[in-house]
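Coordinates in review
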Amino acid sequence: RKEVEQDPGPFNVPEGATVAFNCTYSNSASQSFFWYRQDCRKEPKLLMSVYSSGNEDGRFTAQLNRASQYISLLIRDSKLSDSATYLCVVTPSAGNMLTFGGGTRLMVKP
Amino acid sequence: DAGVTQSPTHLIKTRGQHVTLRCSPISGHKSVSWYQQVLGQGPQFIFQYYEKEERGRGNFPDRFSARQFPNYSSELNVNALLLGDSALYLCASSLRGQRLSYTFGSGTRLTVV
């Protein structure tokens, strides 16, 4: 079983739609959680950290459920520019390495 | 300020050859990490260096090695290249190895033929 699992997609949605991505992780002792965005053939960039209390950044909302070992990302009012691969990232209880999921590809269409 | 710079940007090597990839961190950053991203997958952790010492190693064979220099730049070396080593190699720098401050370079795309 992979340490971080994501539905690879692609998710094809029209502009303005709301889309949600989920991610599960296997290590219950994991400490920190993030969503990264990666455009085609580019490097990953931090989108947002994820906290147990949930957090919001504009159109993006992230949630963490430690009991279910589940992380989510909600994108409201999708824009064409949101088209990218979204990577769920977890860090272990020790060390600072990032453990990435395989990514979920989002395609927003006009 | 310059971001994380990696060189070369693209590279084609033959099976069995050796390759050296280079990374210069953001000025003031003392930690460098290396990741391998095979097409269609998420990045996988290879090494982390902080203050010139190895602080973490992922599940990669001994053909992979790295080092960090006094100016905090880093090299990743891969010996006896295999076709499966074809990937995007990403370098990330941070101030003190703190996960919240990682910045990735644009990567070196290695193709092994």
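For the structure given in this document, a descriptive report is provided here. Here the residue index of a chain counts from 1 through its sequence in written order. Labels follow written order: the first chain is A, the first ligand is 1, and so on. Only residues with pLDDT of at least 70 are given local features in this predicted model, and only at 80 or more are side-chain atom pairs given and counted; all residues enter the totals for whole chains, interfaces and linings. Derived side-chain values reflect all non-hydrogen atoms in the structure, with water molecules and hydrogen atoms excluded from consideration.

1. Some points on the overall build of chain B
Keep this limit in mind: Labels follow the DSSP assignment, with helices taken as runs of H or I lasting at least four residues and strands as runs of E lasting at least two, numbered in each case from the N terminus. Two things to know: the radius of gyration comes from C-alpha atoms, and the globule rule equals 2.2 Å times the number of residues to the power 0.38. Residue contacts are defined here by distance: any two heavy atoms, one from each residue, within 4.5 Å place the two residues in contact. None of His or the chain ends enter the tally, which takes Lys and Arg as positive and Asp and Glu as negative. Charge positions are represented by NZ for Lys, CZ for Arg, CG for Asp and CD for Glu.
Each helix and strand in chain B was counted, giving 0 helices and 11 strands. For chain B, the succession of helices and strands along the chain, N to C, is β-β-β-β-β-β-β-β-β-β-β. Relative to the globule expectation of 13 Å for 113 residues, the C-alpha radius of gyration of chain B, 13 Å, shows essentially globular dimensions. For chain B, the C-alpha atoms occupy an extent of roughly 35 × 25 × 25 Å along the three principal directions. Taking as baseline every contact in chain B between residues at least 6 positions apart, the subset at least 24 positions apart corresponds to 53%. Averaging the locations of the 12 positively and 7 negatively charged side chains of chain B gives two centres separated by 3 Å.

2. Some thoughts on the overall build of chain A
Just so we agree on the cut-off: The rule is simple: take the accessible area with a 1.4 Å probe, protein chains only, and divide by the maximum for that residue type; under 20% is buried, over 50% is exposed, in between is partly exposed. Here, Shrake-Rupley sampling with a 1.4 Å probe gives the accessible areas, and only protein chains in the shown set may cover a residue.
Secondary structure assignment for chain A yields 0 helices and 11 strands. Start at the N end of chain A and walk to the C end: the helices and strands fall as β-β-β-β-β-β-β-β-β-β-β. Relative to the globule expectation of 13 Å for 110 residues, the C-alpha radius of gyration of chain A, 13 Å, shows essentially globular dimensions. Considered along the principal axes of its C-alpha atoms, chain A spans approximately 45 × 30 × 20 Å. Scored against the burial criterion, the 110 residues of chain A give a buried share of 45%. Summed over its atoms, the accessible surface of chain A is roughly 5400 Å², and 49% of this surface lies on carbon and sulfur atoms. Side-chain charges of chain A comprise 12 positive and 10 negative groups, with the mean position of each set lying 4 Å from the other.

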